[in-house]
Amino acid sequence: MTFKPSRRTVLIAALLASAAAVTPVAAQTYPERPITMIVPFGPGGSTDLIARIVIAKAEAALGQPIVIENKPGAGTMIGLNELVGAEPDGYTIGMTTSSAALQPIYGAARYDYVDELTPIAQFAQTAPILAVQASSDWQTLEDLLADAKANPGAIKYGITGVGNSSHLGPAQVALEAGVEMPHVVFDGGATLMTALLGGHVSAAAGSPVDYKEQIAAGELRGLVLFAEERSDDALIGQIPTALELGYTAEITSWTAVSGPKGMAPEVVAKLEGAFAEAMADEEVLAAIRELGSDPVYLDAEALGERMRNAREGWTAIVTDTGILDLVKSQTN
Amino acid sequence: MESLNLLLNGFQLAATPGNLAAAAIGVLLGTLAGMLPGLGLSGTIALLIPISFGLDPLTALVLFAGIYFGAAYGGSTTSILLNVPGEGASVVTCIEGYPMARRGRGGAALSVAAIGSFVAGVLGLVSLVTLAGVVARAALAFGPQEYLCIAVLALVLLSGITGGSLVRSALMATIGIMIGTVGMDPLTATGRFTFQVDALYDGISFIAVIMGTYGLAEVLHTASGGTEVQRPPRIRLRDLYPTREEAGRAAPAILRGSFIGLLVGLIPGPSGTISSFLSYATEKRFSRGRSEFGNGAIEGVAGPESANNGADSSTLIPLLSLGIPFNSGAALLMTGFLIHGVTPGPNLISGHPDLFWGLVASMFIGNLMLLVINLPLVGVFASVLMTPTAYLMPIVSVFVLIGAYFIDTSFVDVGVVVLFGVVGYLLRGTGYHMAPLVIGVFLGPLIERSFAQSMVLLDGDLLKLFARPLSGTMLGLAIAFIILRIAYGVLVQRRAAATSVAGSQT
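Residues numbered from 1 in each chain as written. Chains lettered and ligands numbered in written order. Predicted model: local features only at pLDDT ≥ 70, side-chain atom pairs only at ≥ 80, totals over all residues. Heavy atoms only, no water.

Labelled according to an unreviewed UniProt entry, chain B appears under the name Putative tricarboxylic transport membrane protein, originating from Devosia enhydra.

Per an unreviewed UniProt entry, chain A goes by the name Tripartite-type tricarboxylate transporter, receptor component TctC and belongs to Devosia enhydra. Of chain A, the UniProt comment under Sequence similarities (unreviewed entry) reads exactly: "Belongs to the UPF0065 (bug) family." (UniProt positions renumbered as here; feature names shortened; annotations may be inferred.)

Next comes the structure, spelled out in structure tokens:
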């Protein structure tokens, strides 16, 4: 008897065969469709802008568009939470900054982002500057600290949020110098700048993006930069680093892209390659510098290491300076 | 005068076809953005930033500035016609503008809003050109202690805004303040009343609250068979523009409102909202038509709309001369600047004089364009009201709910709009007005934050507030106002008691 399969059998066999042919051999053909990038900030902010600048070039290298989805709120946690929960297939990635390392330390974050994310590449980094009014008598950091020692509690500095990058630097310096400097919380860089220019607070630590113009105009004086090395910029390069002055306060924030944990290494490598290409483009570098950030490219491994070191270093700072206690005292 | 020459030079730069086109497009887009509740300035500018990359810096800035002013005006259209406020500053326009529209005077309200916005915008630009340096310095003299006193003064001044029982207003204001505490604590950034919902960490969105309270509540009210909208069978030409009497009443209101807006715009924060509320309170107390308030008094549209635009104009002063954006609208404008390599600040005028004066000139042109484009369109807008309610209300609700989602791409805001819509609808006619609640929602966090900051800066000694000239004056005014109101109330009661005693003796 000849084997004569029924029509139905043939159809089913054909279906199964085609399904087998379409089994994901995803890594080789990645990316096959547009990639979503979650930006945990509102549109128009510096992180959002840097992301848009870089992906404009990276899209060409990948052959697929990268679509930005802004998910601001809860100090980047809304966007980060969504990123952590996404499929690690390489079609959802997201921007991260130093808050990814800081938020979990205070216990309010749902995940430990440094562990739950796959680092991919860093686009830029910015370290805060501690600035005072140019009309004040303090020419150096030591002058400020001497004044603070002589008059405990009289010198107050402004911050843009408890426990964020504007808070850690001055707090650590105050701790190491053994002076008492109370902090005043403002709801954003703009109101803090107004208070600083108006002399309502004596000092404030903020991003060079905000302070550069005022320093150039002679309104503010930068006393210390919380970075590893001096800046390349002509003006900011004149400000000494905290390490130079003998304080262990490195608070560099990164603007980087990561993905959910568990991404295939080939997919990560492909993304890395595309971003590296974009970051080699002079136009991209110039645009980032224009925004006031330092366009330093780091690959996945280096980024991962930076994030882990930052988490360790900053955990030490917030514990020693008592910031962690301050925040915890409200929640327990 | 040096400045005048530079300004004329700026007009030459601004009057090129490319820049005029950019101004016109900007103004139109801005008006549209302002009309669509929730979408607003941020979404529009953010969408246009990548497109503007290829443009000449001045042209791009002209585009953004056009959007900025257009959005300031656009919010009034939906407020007057549909009772849907597009932004915080449009809330008070709903209170008087919408009843005017129901009476068939919608066109007049729209015209007055456009004219008032124009006047305030021009006055703001004039002060930018002539007084920028001085004014910017003055703005810096206000610190957290001053903001605390301003907020307290505003709370006191706005307390009687809806008339009626003071106790009920106070209750609603307190509930508003309580709602305002939801979110991040200003001192330690810990979440309050967030119930582990991420979206509540930043607080309950003020825009969502007002969209629900005014927009959705009105839809529900109309749907439940509320007062029939009186629609004239045909919109006559004189319905579109203010009568002589209305114009006569609106003119002083516009001037007062502009003045208030220009001053309040120099304070960081939601100056558009605060100035429009303060203007409303002023008009309610001092204008000729104050007895009509609640039923559509033209001063209640003219004053607040001018105040809103005045605040938006004068916010440009610290933005352009100091490089500090005082609210989110200014911050977006600043981003637009930064993208094109122009950093606003003390060096702007000296470093890029052409750019600065060209921009200022195009802002004058933009304001004029707004007026010229929108006045004839008043008829078109007003005819929206001719749409049968059965079709209009569902469209409005879809409009409002989509706008709510777009505030922060979150469904939590949609929920807030629905909740406040229902609450606003249920509280109608009960004597509990929503206006004090709305005021509490935005003034509460302001007061708490300023109080916390002041306590640290004053080393815990609040009496030192009186030692600072500005704070002391404002606090003194607030206290004086409270004493006056109590005294007035006691006097009225005594007189009433005396009359009834006299009456019972006859």
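After presenting the structure, the write-up continues.
Caption draft 1: Layout of the overall build of chain B. The helix and strand inventory of chain B stands at 21 helices and two strands. Computed over C-alpha atoms, the radius of gyration of chain B comes to 23 Å, within 12% of the 23 Å expected from 2.2 N^0.38 for 506 residues, which places it in the range of a compact globule. If you line up chain B on its principal axes, its C-alpha atoms span 80 × 65 × 50 Å. Buried positions account for 57% of the 506 residues belonging to chain B. Contacts in chain B between residues far apart in sequence, at least 24 positions, make up 78% of those at least 6 positions apart. (Helix = DSSP H or I, 4+ residues; strand = E, 2+ residues; numbered from the N terminus. Rg over C-alpha atoms; globule rule 2.2 N^0.38 Å. Buried < 20%, exposed > 50% of the residue type's maximum accessible area, 1.4 Å probe, protein only. Contact = heavy atoms within 4.5 Å.)

Caption draft 2: Examining the domain arrangement of chain A more closely. Residues and elements named next belong to chain A. Structurally, chain A comprises domain 1 (33-126 + 253-320) and domain 2 (129-251). Relative to domain 2, the C-alpha centre of domain 1 lies at a distance of 27 Å. At the interface, 13 residues of domain 1 touch 12 residues of domain 2. Taken together, the connections running from domain 1 to domain 2 amount to zero salt bridges. (Domains from an automatic or database assignment. Salt bridge = Lys/Arg side-chain N within 4 Å of Asp/Glu carboxyl O.)

Caption draft 3: Quick peek at the sheet that holds strand S3 (residues 92-96) of chain A. Residues and elements named next belong to chain A. Read from one edge of the open sheet, five strands run S2-S1-S3-S10-S4, paired in mixed fashion. Edge positions in the sheet fall to strand S2 (66-70) and strand S4 (117-126), since each has one partner strand and no second. Strand-to-strand, the axes of this sheet are offset by a mean angle of 25°, without reference to chain direction. (Pairing = 2+ DSSP bridges. Axes fitted to C-alpha atoms, helices over the stretch in contact; angles between N-to-C directions.)

Caption draft 4: Up close: the sheet that holds strand S5 (residues 129-133) of chain A. Residues and elements named next belong to chain A. Spatial strand order, S7-S6-S8-S5-S9: five strands in an open sheet with mixed pairing. Each of the sheet's edge strands pairs with one partner strand only, and the pair in question is strand S7 (183-185) and strand S9 (220-225). With strand direction ignored, the average angle separating the axes of adjacent strands in the sheet is 30°. One ladder, built from two bridges, connects strand S6 (residues 157-159) with strand S8 (residues 203-206); its direction is parallel.

Caption draft 5: Quick look at the environment of B:Ser450. Residues and elements named next belong to chain B. Relative to the elements of secondary structure, Ser-450 occurs in helix H20 (residues 435-457). Relative accessible area serves as the criterion here: at 5%, Ser-450 is assigned to the buried category. Not counting residues within four places of it along the chain, the set of residues in contact with Ser-450 comprises Pro-144, Tyr-147 and Leu-148.

Caption draft 6: Here's a closer look at the interface of chain A and chain B. Each partner contributes to the interface: chain A provides 40 residues, whereas chain B provides 45 residues. Here chain A packs against chain B, burying approximately 3300 Å² in sum over the two surfaces, 62% of which is carbon and sulfur. It is A:Thr194, A:His200 and A:Glu213 in chain A that bury the most area against chain B; as a group they hold 19% of the surface buried on that side. Taken together, the connections running from chain A to chain B amount to three salt bridges. Between A:Lys156 and B:Asp459 there is a salt bridge, with the nearest N and O atoms lying 3.1 Å from each other. (Buried area = accessible area lost by both parts, 1.4 Å probe.)

Caption draft 7: The packing of aromatic side chains, seen in detail. All names here are of chain B. Inspection of the entire model under this criterion finds 12 aromatic pairs over all chains. Aromatic side chains Tyr-68 and Phe-69 sit 5.6 Å apart centroid to centroid with 80° between the ring planes, which places their arrangement in the edge-to-face category. Judged on exposure class, the residue Tyr-68 and its partner Phe-69 are both buried. These aromatic residues form a ring-pair network of at least three members: Phe-206, Phe-277 and Phe-442. (Phe/Tyr/Trp six-rings, centres within 6.5 Å; stacked < 30°, edge-to-face > 60°.)

Caption draft 8: Looking closely at the confidence of the model for chain B. Put simply, chain B has an average pLDDT of 84, and 94% of its residues get 70 or more. Note on the complex model: pTM 0.82, ipTM 0.81. (pLDDT = per-residue confidence, 0-100.)

Caption draft 9: Inspection of a nonpolar patch on the surface at higher detail. Residue and element names in this part refer to chain B. A contiguous nonpolar patch, built from Leu-220, Val-418, Val-422 and Leu-426 and spanning about 300 Å² of accessible area, is present on the exposed surface. Here the nonpolar patch takes three residues from helix H19 (residues 411-426), the largest share from any one element. Turning to its location among the elements, Leu-220 is positioned in helix H9 (residues 206-223). Exposure remark for Leu-220: the relative accessible area of 32% places this residue in the partly exposed category. (Patch = residues over 30% accessible without salt bridge, like charges linked within 9 Å, V, L, I, M, F, W, Y side chains within 5 Å. Areas by Shrake-Rupley, 256 points an atom, 1.4 Å probe, with all protein chains shown as cover.)

Caption draft 10: Up close: unusual backbone geometry. Of the consecutive residues A:Tyr30 and A:Pro31, the connecting peptide bond is found in the cis state with omega at -10°. Note that A:Pro31 resides in the loop between helix H2 (26-29) and strand S1 (35-39). Its identity is not glycine, yet B:Asp459 carries a phi of approximately 55°, on the positive side. Along the chain, B:Asp459 falls in the loop between H20 and helix H21 (469-505).

Caption draft 11: Representation of the environment of B:Ser279. Residue and element names in this part refer to chain B. By secondary structure assignment, the location of Ser-279 is in helix H12 (residues 271-286). Between the C-alpha atoms of Ser-279 and Phe-53, which are 226 residues apart in sequence, the distance is 39 Å. Beyond its immediate stretch of four places on either side in the chain, Ser-279 contacts Gly-257, Ile-260, Gly-303, Pro-304 and Ala-307.

Caption draft 12: Highlighting the pattern of salt bridges. All names here are of chain B. The final tally for this structure, using the stated rule, is 23 salt bridges over all chains. One salt bridge connects Arg-428 with Glu-218, and the closest N-O pair in it is separated by 2.5 Å. Taken as a pair, Arg-428 in the loop between H19 and H20 and Glu-218 in helix H9 lie far apart in primary sequence, 210 residues in all. Residue classification places Arg-428 among the partly exposed residues on the basis of a relative accessible area of 32%. A single salt-bridge network, built from bridges that share partners, covers Glu-245, Arg-249, Glu-292 and Glu-299.

Caption draft 13: Here's a closer look at the nonpolar core. Membership of the largest hydrophobic core comes to 197 residues, with the highest contact counts inside it found for A:Met37, A:Leu271 and A:Phe275. Discounting residues that sit within four places of it in the chain, A:Phe275 has contacts with A:Met37, A:Val54, A:Ile55, A:Ala58, A:Ile66, A:Ile93, A:Ile120, A:Ala121, A:Phe123, A:Val257 and A:Tyr297. Formed by 57 residues, the second largest nonpolar core is a distinct cluster that contains A:Met181, A:Ala242, A:Trp314 and B:Tyr201. (Core = buried A, V, L, I, M, F, W, Y, C linked by side-chain atoms within 4.5 Å.)

Caption draft 14: Main features of H19(B). Residues and elements named next belong to chain B. In this model H19 runs 23 Å from its N-terminal to its C-terminal C-alpha over 16 residues, within 8% of the 22 Å that 1.5 Å per residue would give. Buried within H19 are the following residues: Asp-413, Val-414, Val-416, Val-417, Phe-420, Gly-421 and Gly-424. Along the axis of H19, the buried residues cluster in a sector spanning 155°; they form a single face. Those residues of H19 that are exposed and aimed more than 90 degrees away from the buried face are Phe-411, Leu-419 and Leu-426. Buried residues belonging to H19 abut helix H8 (166-180), H9, helix H18 (389-408) and H20. The N-cap residue of H19 is Ser-410: its side-chain oxygen and the backbone nitrogen of Val-412 are 3.1 Å apart. (Expected span 1.5 Å × (residues − 1). Arc of directions from axis to C-beta. Polar contact = N/O pair within 3.5 Å; in protein donor to acceptor, adjacent residues only side chain to side chain.)

Caption draft 15: Just the pairing of S1(A), in detail. Residue and element names in this part refer to chain A. Most of S1 sits inside the fold, with four of its five residues counted as buried. Taken together, the five bridges between S1 and S2 define a ladder with parallel strand orientation. Its bridge partner lying in S2, Ile-35 is registered against Ile-66. Where S1 meets S3, three bridges bridge the pair, whose relative direction is parallel. From the neighbouring strand, Met-37 faces S3, where its bridge partner is Ile-93.

Caption draft 16: Molecular detail of the confidence of the model for chain A. Per-residue confidence for chain A gives a mean pLDDT of 86; residues scoring 70 or more make up 91%. In the model of chain A, helix H1 (residues 7-21) of chain A stands out as the element of lowest mean pLDDT, 58, in contrast to S3(A), which has the highest, 95.

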